[in-house]
Amino acid sequence: ERRRVDGMAMVKWTMQESARTLGTRTIAGPRARHRRYKKRTVVRAQEEDKEREGNALALDKETLETLRNQVFGFDTYFVTGYEQYPGKGVLFKGNLRGNADVTYRKLKERLKEAVGNEYTLFLLVDKEKKPTVVVFPNESLVEEQGPVPEAASCAIFAACTLATTLNASGLALPILGGGVEGAPLSAVLPGALSLLFVYAAHEFGHFQAAAKLKKELALPLFVPFQQLGSLGTITRIKSILETREELFEIAIAGPLYGFAASFLTLAVGLAISKASGQGVPVQAAEFQDSLLVGTLGKILFGPQLEADQFVLLNPIAVAGWAGMVINAINAIPVGETDGGRLSFAMWGRQRNSVISNGSLLLLGVTGILSDLALYWFLFVSFLQRGPIKPQQNEISELTKAQGLQAAGILMLALLVLLPFPFLLTSQVTGGIPASM
């Protein structure tokens, strides 16, 4: 009887377990299978997205994992994810560890060891002001040749600038009009050559600084301007710069050399004007337009300015004055001009964007009253708006000495462009010297 009872209990237990097992499979089985299917689908979709990103960027999955595992690390930049970046790049999100300059150099060395020289790494700041790393295949960074050869376009614009410079100096070319009627070439050459000297000095500064850093610049594209001869040049930086310091060195060299050449030309011209008493007649009120030139005029021609008389300026002095103005407007922190690049080097991409847009707006408003401001506003808006090409390490900042140099260039530009605060003469008409 005991065996019979035990047997029945065993059968009952077996039936209960079977029922419980069958019930679980019947009720919970489809839900569990659905959850497992959904999870596999999400994982597969994520892998397919990453694979599509890799194909779109010409970076396969293996290369991406190599970059993530061998280049980055806890001691440099801890990666939390990556995504597509405009221009066939890969943006690696994460956290920067340690000093930016040291970290950048470690990442650069590890990148070369892991994948050779096929990729270029950029340490940037995103819109949320967080450090981020972007890696580009080198083939995607090669600039495409335009429809017109660079040398041909530069030669055409240089010839046009030579014509406007001669015309502004008084040659009165029929095709352009203006200038001093019937001025012989011998009378025009001193001023024209002086302006060309200022242009050459400015560009020499850029190319000398670039050569020192072993960087390549494009040929300068001169921008002709009838009133001054030229508005300067468009000089692209063809090489990829490593730091904001390199951008600073190239950008500041042009204004430094240009201002030095302009001031030297202006000083020589004023000295000749004072000694000879001959030259281009300039209204005394026109010295009111520049704080720097007005101060020099007050020192040299005080009685004539106060009496509202014409001042005879040697063409070399007028060319030096024009050169000061050209270098000053190029030093305004806006767009991709020298001043815009200096502002970028000092403040970084985001703060420079605010400064540049503010300066452009101010130029537009000032253009209501000033033709020169209006021309410069249009020139920057259509030809030099930017953006500035990224440097490989945009996080490291300039030294205090470099910041003071950049501030000095901006102050010098303000001295040239701001009007003289006191009346130099009893009648103020304003304007640019008639010969310019």
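Before reading further, recall that the structure is shown in the block above.
About the cut-offs
Residues numbered from 1 in each chain as written. Predicted model: local features only at pLDDT ≥ 70, side-chain atom pairs only at ≥ 80, totals over all residues. Heavy atoms only, no water. Helix = DSSP H or I, 4+ residues; strand = E, 2+ residues; numbered from the N terminus. Contact = heavy atoms within 4.5 Å. Polar contact = N/O pair within 3.5 Å; in protein donor to acceptor, adjacent residues only side chain to side chain. Buried < 20%, exposed > 50% of the residue type's maximum accessible area, 1.4 Å probe, protein only. Phe/Tyr/Trp six-rings, centres within 6.5 Å; stacked < 30°, edge-to-face > 60°.

A. Structural detail: the environment of Asp75. By the secondary structure assignment, Asp75 is in the loop between helix H3 (61–71) and strand E1 (77–85). Taking the C-alpha atoms as reference points, Asp75 and Arg97, 22 residues apart in sequence, are found 5.9 Å from one another. Look past the residues within four positions of Asp75 in its chain and what remains in contact with it is Arg97, Lys106 and Arg110. A distance of 2.6 Å separates the side chain of Asp75 from the side chain of Arg110, its partner in a polar contact.

B. Spotlight on the environment of Ser230. Tracing the chain through its elements places Ser230 in strand E6 (residues 229–234). The buried category is assigned to Ser230, whose relative accessible area is 0%. The spacing of Ser230 and Ala168 is 62 residues in sequence and 9.4 Å in space, taken between C-alpha atoms. Setting aside residues no more than four positions away along its own chain, Ser230 makes contact with Thr161, Tyr199, Phe222, Val223, Pro224, Phe225 and Ile326. A polar atom in the side chain of Ser230 sits 2.9 Å from the backbone oxygen of Val223.

C. Focus on the packing of aromatic side chains. Tallied over the full model, the rule gives twelve aromatic pairs. Plain terms: the ring middles of Phe72 and Phe92 are 4.9 Å apart, the flat faces sit at 45 degrees to each other, and that makes the pair tilted. Separated by 20 residues along the polypeptide, Phe72 in the loop between H3 and E1 and Phe92 in strand E2 (residues 89–96) bring together distant segments of the chain. Per residue, the accessibility class of Phe72 equals that of Phe92, and both read buried. Measuring from ring centre to ring centre gives 6.1 Å for Tyr199 and Phe222, while their planes differ by 55 degrees; the resulting arrangement is tilted. You can see Tyr199 sitting in helix H6 (residues 185–212) and its partner Phe222 sitting in strand E5 (residues 221–225), a full 23 residues away along the chain.

Function-wise, these values are silent; they only describe arrangement.
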